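Summary of structural features
Listed here are the chains, written in short residue letters.
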Amino acid sequence: MKGNDIQKAMTITFEEAAFGVKKEMEFTRVARCSECNGSGSKDGKVETCPTCGGSGQRRVTQRLGGMAFQTTATCDACRGTGKIIEKPCSNCRGTGYVKVTKKLDVDIPAGIDDGRNIVLRGQGSAGRNGGANGDLIIEVRVKEDKFFTRSGSNVYCEIPISFSEATLGAEIDIPVLGGGTEKYQMPEGTQTGTTFTMKGKGVAN
């Protein structure tokens, strides 16, 4: 049986989303017990359940209106594991699994948008009976920026100007991602709401 997936959220700034960043993620997952190596037995001795023959299930006969029906149910003797452990491991109490806290460095790619997921294969909880580990699924949440907004790969900012600058034209300072400003020559006769484009100043696709 494959292990459970783990879903976590990570919040980053607008500029971290634009340029990419490495962030440490802390999460809790189910892992195989290191003391018994996942067997659940203190001394390593595990016997096949004699009640279910190791299947973890037993047949149940039910009668209804003079007719007999057979169904399967979880074995009570071994609780569905198919194994009997006489001396359970004290660390995992015979389950073979424990909850552990793990820290992991996660690479956030440049250009990631709000609400996108990053999937790290095999970093989820441990599988059962030889099954693969689950995945760690990280939902990226991007904080709003006080200067910039985003649509796709384009970044927008709103610049207030004076009446004389709009009428006569002017060289103005435009804030850019990463900090600082760049000069832009605004033509005379600029109307309110006019959009100008600075090439290559958006985010990575």
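Shown above is the structure to which this text applies.
Below or above, wherever it landed, is the structure these notes cover. None of these values were measured; they are calculated from a predicted model.

**Notes on the overall build of the chain**
For the chain, the count of helices and strands is 2 helices and 13 strands. Rg of the C-alpha trace for the chain: 30 Å, well past the compact-globule value of 17 Å for 205 residues, more than 25% over. Taken along the three principal axes of its C-alpha coordinates, the chain extends 95 × 50 × 20 Å. Looking at the chain as a whole, 28% of its 205 residues are labelled buried.

**Quick notes on the pattern of salt bridges**
Under the counting rule described, the total for this entry stands at 11 salt bridges. Across the pair Lys-183 and Asp-173 runs a salt bridge whose closest N-O atoms are separated by 2.8 Å. Note that Lys-183 is positioned in strand 13 (residues 181-186) and Asp-173 in strand 12 (residues 170-175), a separation of 10 residues in sequence. Taking the relative accessible area as the measure of exposure, Asp-173 reaches 39% and is therefore partly exposed. Each of Lys-2, Asp-5, Arg-121 and Asp-135 takes part in salt bridges that share partners, so that together they form one network.

**Some points on the sheet that holds strand 9 (residues 136-142)**
Strand order in the open sheet made by the 3 strands is 1-9-8, with mixed pairing throughout. The open sheet has two edge strands, strand 1 (6-12) and strand 8 (117-120), and neither has a second partner. Each strand axis lies, on average, 25° off the axis of its neighbour in the sheet, ignoring direction.

**Digging into the environment of Cys-78**
Inspection of the secondary structure assignment puts Cys-78 in the loop between strand 5 (67-74) and strand 6 (83-84). The class for Cys-78 is buried, based on a relative accessible area of 5%. Cys-78 sits 22 residues away from Val-100 along the chain, and the two C-alpha atoms are 25 Å apart. With residues up to four places along the chain from it excluded, the contact list for Cys-78 reads Cys-49, Cys-52, Gly-56, Lys-83 and Ile-84.

**Comments concerning the environment of Ala-110**
Mapped onto the fold, Ala-110 is located in the loop between strand 7 (97-108) and strand 8. For Ala-110, a relative accessible area of 37% gives the class partly exposed. Each C-alpha atom of the pair Ala-110 and Val-21 lies 7.4 Å from the other, and the pair is 89 residues apart in sequence. Other than its neighbours up to four places away in sequence, Ala-110 contacts Ala-17, Ala-18, Phe-19, Gly-20 and Ala-204.

**Observations regarding the nonpolar core**
Counting 15 residues, the largest nonpolar core has Met-10, Ile-12, Ile-108, Ile-112, Ile-138 and Val-140 as its most contacted members. Listing elements by their share of this core, those giving two or more residues are strand 1, strand 2 (21-32), strand 7 and strand 9. Broken down by element, this core gets its largest block of residues, 4 residues, from strand 9. When residues no more than four places from it in sequence are discounted, the contact partners of Ile-108 are Met-10, Ile-12, Gly-20, Val-21, Ile-118 and Val-140.

**Here's the deal with unusual backbone geometry**
One non-glycine residue, Asn-37, lies in the positive phi region at around 60°. Within the fold, Asn-37 resides in the loop between strand 2 and strand 3 (47-48).

**Digging into the packing of aromatic side chains**
A complete count under the given rule lists 3 aromatic pairs for this structure. Their ring planes at 20° and their centres at 6.2 Å tell us that Phe-14 and Phe-148 sit as a pair that is stacked. With Phe-14 in helix 1 (residues 14-19) and Phe-148 in strand 10 (residues 148-151), the pair connects residues that are 134 residues apart, well separated along the chain. Judged by its relative accessible area of 10%, Phe-14 falls in the buried class. Between Phe-147 and Phe-148, the aromatic rings sit 6.4 Å apart at their centres with planes inclined by 65°, giving edge-to-face as the arrangement. A residue is classified by how much of its surface remains accessible, and Phe-148, at 7% relative accessible area, is buried. Ring-pair connections join several aromatic residues into one group, and the members of that group are Phe-14, Phe-147 and Phe-148. Lying over the aromatic face of Tyr-97, Arg-128 brings its terminal NZ or CZ to 3.7 Å of the ring centre.

Reading the values: the criteria
- Residues numbered from 1 in each chain as written.
- Predicted model: local features only at pLDDT ≥ 70, side-chain atom pairs only at ≥ 80, totals over all residues.
- Heavy atoms only, no water.
- Helix = DSSP H or I, 4+ residues; strand = E, 2+ residues; numbered from the N terminus.
- Rg over C-alpha atoms; globule rule 2.2 N^0.38 Å.
- Buried < 20%, exposed > 50% of the residue type's maximum accessible area, 1.4 Å probe, protein only.
- Salt bridge = Lys/Arg side-chain N within 4 Å of Asp/Glu carboxyl O.
- Pairing = 2+ DSSP bridges.
- Axes fitted to C-alpha atoms, helices over the stretch in contact; angles between N-to-C directions.
- Contact = heavy atoms within 4.5 Å.
- Core = buried A, V, L, I, M, F, W, Y, C linked by side-chain atoms within 4.5 Å.
- Phe/Tyr/Trp six-rings, centres within 6.5 Å; stacked < 30°, edge-to-face > 60°.
- Lys NZ or Arg CZ within 6 Å of the ring centre and 35° of its normal.

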